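Chain residues, written in single-letter form:
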Amino acid sequence: MPQQQSQKNELKWLIPEHPQYERGFKWYLIAAILGTALLVYCVITSNFLFAVIIFLGVLISLFSTFKKPELVEFKLTQNGASIGEIFFPWEKFQSYWTAQEDGLNNLGLDLKNWMKTDLYVPVNKFPMAEVEKFVSKFLKKNPERKEEPLSYLLARKLKI
């Protein structure tokens, strides 16, 4: 399967299913200290449900360290956008924006439902002008958004 493909009716390329961050010894040390402090707090306050949530968070963090993210196909078509098997019709979006992060181009798609996280995907080596030209047929550009969403920024900075 090619890395990227362009046709009149669709644009598609491969993206990682989630970002994977390099975490050093210092990150794990700080996480262990913070996790231990939270577990002590849970015991002191008898909040065992919170302790279970912390334990599950630690397990997920450890497993994600050793599992390399799979590549999934991101596709823009006449009908909408899809990530792997998940499809979003254009009617679910209100606008789009583009941003550069660490020298890489990214496409953001604003969902109308504020309860859901907007789509924010790397464009890889695909020509950004071609992506914008395609998306602009269906959505208007949001000129006020030029940066990655706060949730993505925090996740990237905290390496989670």
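Below or above, wherever it landed, is the structure these notes cover. As the structure is a computational prediction, the values presented were derived from the model and not from experiment.

Reading the values: the criteria
Along each chain, numbering runs from 1 in the same order as the chain's sequence is written. Under the rules for a predicted model, residues below a pLDDT of 70 receive no local features and side-chain atom pairs below 80 are neither given nor counted, while totals for whole chains, interfaces and linings still include all residues. The basis for every side-chain value is the complete set of non-hydrogen atoms in the structure, without hydrogens or water. When DSSP locates at least two bridges between a pair of strands, those strands are taken to pair. The numbering of helices and of strands both runs from the N terminus, where a helix is a DSSP run of H or I of at least 4 residues and a strand a run of E of at least 2. Pairs of residues are marked as contacts when any of their non-hydrogen atoms sit within 4.5 Å. Axis angles are defined between N-to-C directions and span 0 to 180 degrees, where every axis is a line fitted to C-alpha atoms and, for a helix, only to the segment in contact.

Here's the deal with the sheet that holds strand β8 (residues 119-122)
Here comes step 1: An order of β8-β7-β6-β9 is seen for the four strands of this open sheet, with the pairing classed as mixed. Two strands lie at the open edges of the sheet, namely β8 and β9 (140-141), each paired on one side alone.
Here comes step 2: Across two bridges, the pairing between strand β6 (residues 93-101) and β9 is parallel. The residue of β9 that forms the bridge with Y96 is K141.
Here comes step 3: Docked against the sheet, helix α3 (residues 128-135) engages β6, β7 (104-111) and β9, running at close to 15° with respect to β7.

Brief notes about the pairing of strand β5 (residues 86-89)
Here comes step 1: Where strand β4 (residues 80-83) lies against β5, four bridges are found, and the strand directions are antiparallel. Across the sheet, the residue bridging to I83 is I86, located in β5.
Here comes step 2: The loop that links β4 with its antiparallel partner β5 comprises two residues; one of these, G84, has a positive phi angle of about 60°.

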